[in-house]
Each structure stands twice: as C-alpha cells, then as structure tokens.
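Here is how the chains run, residue by residue.
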Amino acid sequence: MSYNEEIEAESFHARRIKLHSAEDFVGMRVVGQLAARALDMLASVIKPGITTLEIDRLCFEFALDHGALPACLNYRGYRHTVCTSVNHVVCHGIPGDRVLREGDIVNVDVTYILNGWHGDTNRMYYVGDVPRKAQRLCEVTYEAMMRGIAEVKPGATLGDIGAAIQEFAEGERCSVVREFCGHGVGKIFHDVPNVLHYGRRGQGAVLREGMFFTIEPMINLGKPGVKVLSDGWTAVTRDRSLSAQFEHSIGVTATGYEIFTTSPAGHACPPYAP
Ligand code: MF3
Ligand code: CO
Ligand code: CO
C-alpha cells in the first residue's frame, strides 16, 4: 500500500472503533470491579489440591451471587465460566478435574456481563512455592502489560502499545505470542480493534478518548510458537515452555487511561498477600 492508502485505511479502521460516554465508563467500572473481585477471591483458594473445575464453579457462583452473567458460558460453544491455563498452556485452558500441584502456575481469565457491559480480566497465580524461573516469567508478563497500558492516551497508536510490550518482554529474553491479541470491549465481548502485543511505534489505529479495549499479553519463556489442541480451545506452547498472561480492560481518557479491572484488594501480581 502507498503511504496515503495506508493512512486512509487506518483512519477508516479508527472510525469504526466506538467512542464511549462518561455514563459508559461507569458501566465498565462496575462490571470491571466485579470481575476483579472474583479474581481477588481466588487468591486465598488457589493452592495445591484444588481442581480447575472448582475454580470455575467458584467464579460461576460469584457471578450469579452478584447479578452478573458469565460471558464465556456458551460463547462459541465454550461450556465454562473461566479459562484456566496451567504451566505451558498459553490461554483458553478448559476447567476440568486436573488437580493443581505445588509449583504450578495458573492463569484464570474471567469475563462477566453486568447491565450489558463486559468486564474481561485475567491474572496469574502461584500454586504453593513455584520455581524462580516461573516467578520471573509472571513478573515479566505483568510488567509487559503495565508498560503497554502506560502508552495509552489520545493521539498514541496501537503500535505504541505493542512495541512497548514487545521491547520489554524480548529485552528480558522472553517471547510474545502472536496468535492471540487484545480486543475492543464494551457492550460487545470481542470488538474491533485487535490489540496486538507486538508492533512498531506510530503504526496502527490512533487512540481517541472513549475507546475501550483489553491489553492481555501472553509471554513465553521459550519460543513464541503455539498450537491449539484437538479440543479446539486449549492453546499450548509448541516447545512446552512455560507461558504467562495478564489482562486488564481499559478506557482511553482525555489525558491517559482508566483501568476498569484494577484489584480492589490490591492484588496486582503474585505472590498475593493474605
Ligand atoms: N476472556 C478471553 C479473552 O480474554 C476469552 C475467552 S473466550 C472463551 O478474550 F470462550 F474461551 F471463554
Ligand atoms: Co480479553
Ligand atoms: Co479474558
């Protein structure tokens, strides 16, 4: 594409991204906080011996107890409330009778719907004591997400977010998964734009006040390649290296960003204080 065609394509794309009102921010704040509270609740229950299905049940009941709907349940045929991705599972791990063992790392990804708004967030958890290399991966992944978020303000581009994440993760000798990305979020679960976790500064759609999207980098200790298992959901690293992810739903404000899914309990990155 020529430079002009590229600009036109980008601005066309940017125009399709919804711009939300102050009232819409309230809706996202409410559902985002509820999803974050579900993840807070898990901090004290994820330990050796719990199954991923028990984690799923707790998050299902938490939704119903608070008048929310689990967005993933029946989404494209998915049968659970959360995704539980253990060790070399990159994302979309299906809850089941797997018993978590000392030394595992697990990501729990929850999306609730309240008043039509979607709150989508995930965090890593340590199961008992975990090896130092696994801890380091979780720390790098959390910091990568936060560096991506720090780029967000009107006039910045999606490429600025991806570049910040990629530069940091690769600088720490980790790799960025390419097959999955963040997404527009709001009344629709997965909306435009695609928010890539790699890229080049200045490229991609220009951010404007009122845009809502997720930033949810998946970072591997080994090579970036992934494959999806025959269940059609579970994505794993091809080299079976450990993978981690964190996710926040955010809104672009006049001067920067608002994180809708910040932990009310102050649980950012493990280990989570009791
Ligand atoms: N919550 C995931 C995301 O961050 C989507 C999970 S879709 C499911 O976009 F169907 F697998 F649950
Ligand atoms: Co998401
Ligand atoms: Co999610």
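Our subject is the structure that appears above.
Residues numbered from 1 in each chain as written. Chains lettered and ligands numbered in written order. Predicted model: local features only at pLDDT ≥ 70, side-chain atom pairs only at ≥ 80, totals over all residues. Heavy atoms only, no water.

Some words on the overall build of the protein chain
Phase 1: When you go through the protein chain residue by residue, the secondary structure sums to five helices and 15 strands.
Phase 2: Against the compact-globule benchmark of 19 Å for 274 residues, the protein chain has a radius of gyration of 18 Å, which places it among compact chains.
Phase 3: Over its C-alpha atoms, taken along the principal directions, the protein chain stretches across nearly 55 × 40 × 35 Å.
Phase 4: Within the protein chain, buried positions represent 54% of all 274 residues.
Phase 5: Long-range contacts, defined as pairs at least 24 residues apart, comprise 73% of the intrachain contacts of the protein chain with a sequence gap of at least 6.
Phase 6: About 12,200 Å² of surface is accessible on the protein chain, with carbon and sulfur atoms providing 52% of the total. (Helix = DSSP H or I, 4+ residues; strand = E, 2+ residues; numbered from the N terminus. Rg over C-alpha atoms; globule rule 2.2 N^0.38 Å. Buried < 20%, exposed > 50% of the residue type's maximum accessible area, 1.4 Å probe, protein only. Contact = heavy atoms within 4.5 Å. Areas by Shrake-Rupley, 256 points an atom, 1.4 Å probe, with all protein chains shown as cover.)

A closer look at the coordination of the cobalt ion (ligand 3)
Phase 1: Those donors, D109 (OD), D109 (OD), D120 (OD) and E247 (OE), are the protein atoms that reach the cobalt ion (ligand 3), and they lie 2.0 to 2.4 Å from it.
Phase 2: The coordination sphere of the cobalt ion (ligand 3) comprises six donor atoms, whose angles at the metal cover 57 to 170°; the geometry is irregular.
Phase 3: Site description for the cobalt ion (ligand 3): donor spacing in sequence, D-x10-D-x126-E.
Phase 4: A separation of 3.3 Å is found between the cobalt ion (ligand 3) and the cobalt ion (ligand 2), both of which receive a donor from D120. Placement of the pair is D109 in strand β4 (residues 105–114) and D120 in strand β5 (residues 117–126), with a sequence separation of 11 residues. Comparing D109 with D120 shows no difference in burial state: the two are buried. (Donors = N, O, S within 2.8 Å, 3.2 Å for Na, K, Ca; no water. Tetrahedral: all angles 85-135°; square planar, octahedral: opposite > 155°, others 65-115°.)

Remarks on the sheet that holds strand β6 (residues 175–176)
Phase 1: Taken in spatial order, the three strands of this open sheet run β6-β10-β13, and their pairing is antiparallel. Two strands lie at the open edges of the sheet, namely β6 and β13 (243–245), each paired on one side alone.
Phase 2: In this sheet, β13 lies alongside strand β10 (residues 218–220) in antiparallel orientation, the contact comprising three bridges. The partner of I219 across the bridge, within β13, is A244.
Phase 3: Across the sheet, helix α4 (residues 132–150) lies against β10 and β13, angled at about 35° from β13, the strand it touches most. (Pairing = 2+ DSSP bridges. Axes fitted to C-alpha atoms, helices over the stretch in contact; angles between N-to-C directions.)

Structural notes on the environment of D231
Phase 1: Here D231 lies in the loop between β11 (226–228) and β12 (235–237).
Phase 2: Only 2.5 Å separates the side chain of D231 from the side chain of T234, close enough to count as a polar contact. (Polar contact = N/O pair within 3.5 Å; in protein donor to acceptor, adjacent residues only side chain to side chain.)

Examining the site of ligand 1
Phase 1: As a matter of local geometry, ligand 1 sits amid 14 residues, with C72, D109, H190, E216 and E247 nearest to it.
Phase 2: One of the side-chain N or O atoms of T111 is found 3.4 Å from a nitrogen atom in ligand 1.
Phase 3: Between ligand 1 and D120, the relevant distance is 3.2 Å, taken from an oxygen atom to a side-chain nitrogen or oxygen of the residue.
Phase 4: Its free accessible area being 340 Å², ligand 1 has 96% of it covered by the protein chains.
Phase 5: Residues belonging to the shell around ligand 1 are distributed by class as follows: six nonpolar, four polar and four charged. (Near = heavy atom within 4 Å. Nonpolar A, V, L, I, M, F, W, Y, C, P; charged D, E, K, R; others polar.)

Points about the packing of helix α2 (residues 22–42) against helix α3 (residues 52–65)
Phase 1: Where α2 contacts α3, the two axes come as close as 10 Å, and the packing angle between them is 140°. The orientation of α2 relative to α3 falls into the category oblique. α2 and α3 meet at a crossing whose hand is right-handed. Across the interface between the two elements, L34, R37, A38, M41 and L42 from α2 touch I55, L58, C59 and F62 from α3.
Phase 2: Within the contact of α2 with α3, the residues separate by chemical class into eight nonpolar, no polar and one charged. (Parallel < 35°, antiparallel > 145°, perpendicular 65-115°, else oblique. Left-handed = near helix turned anticlockwise from the far one by under 90°.)

Points about the side chain of T52
Phase 1: Position of T52 relative to the elements: it lies in helix α3.
Phase 2: Once residues lying within four places of it in the same chain are set aside, the contact partners of T52 are T84, V86, I94, P95, G96, R98 and L100.

Some remarks on the coordination of the cobalt ion (ligand 2)
Phase 1: Distances from the cobalt ion (ligand 2) to its protein donors, namely D120 (OD), H183 (NE2), E216 (OE) and E247 (OE), fall within the range 2.0 to 2.3 Å.
Phase 2: Of note is the cobalt ion (ligand 2), whose six donor atoms meet at the metal with angles of 50 to 159° in an arrangement that counts as irregular.
Phase 3: Positions of the donor residues of the cobalt ion (ligand 2) along the chain correspond to the pattern D-x62-H-x32-E-x30-E.
Phase 4: On the basis of relative accessibility, which here comes to 5%, the residue H183 falls in the buried class.
Phase 5: Residue E247 is classed as buried on the basis of its relative accessible area, which comes to 1%.

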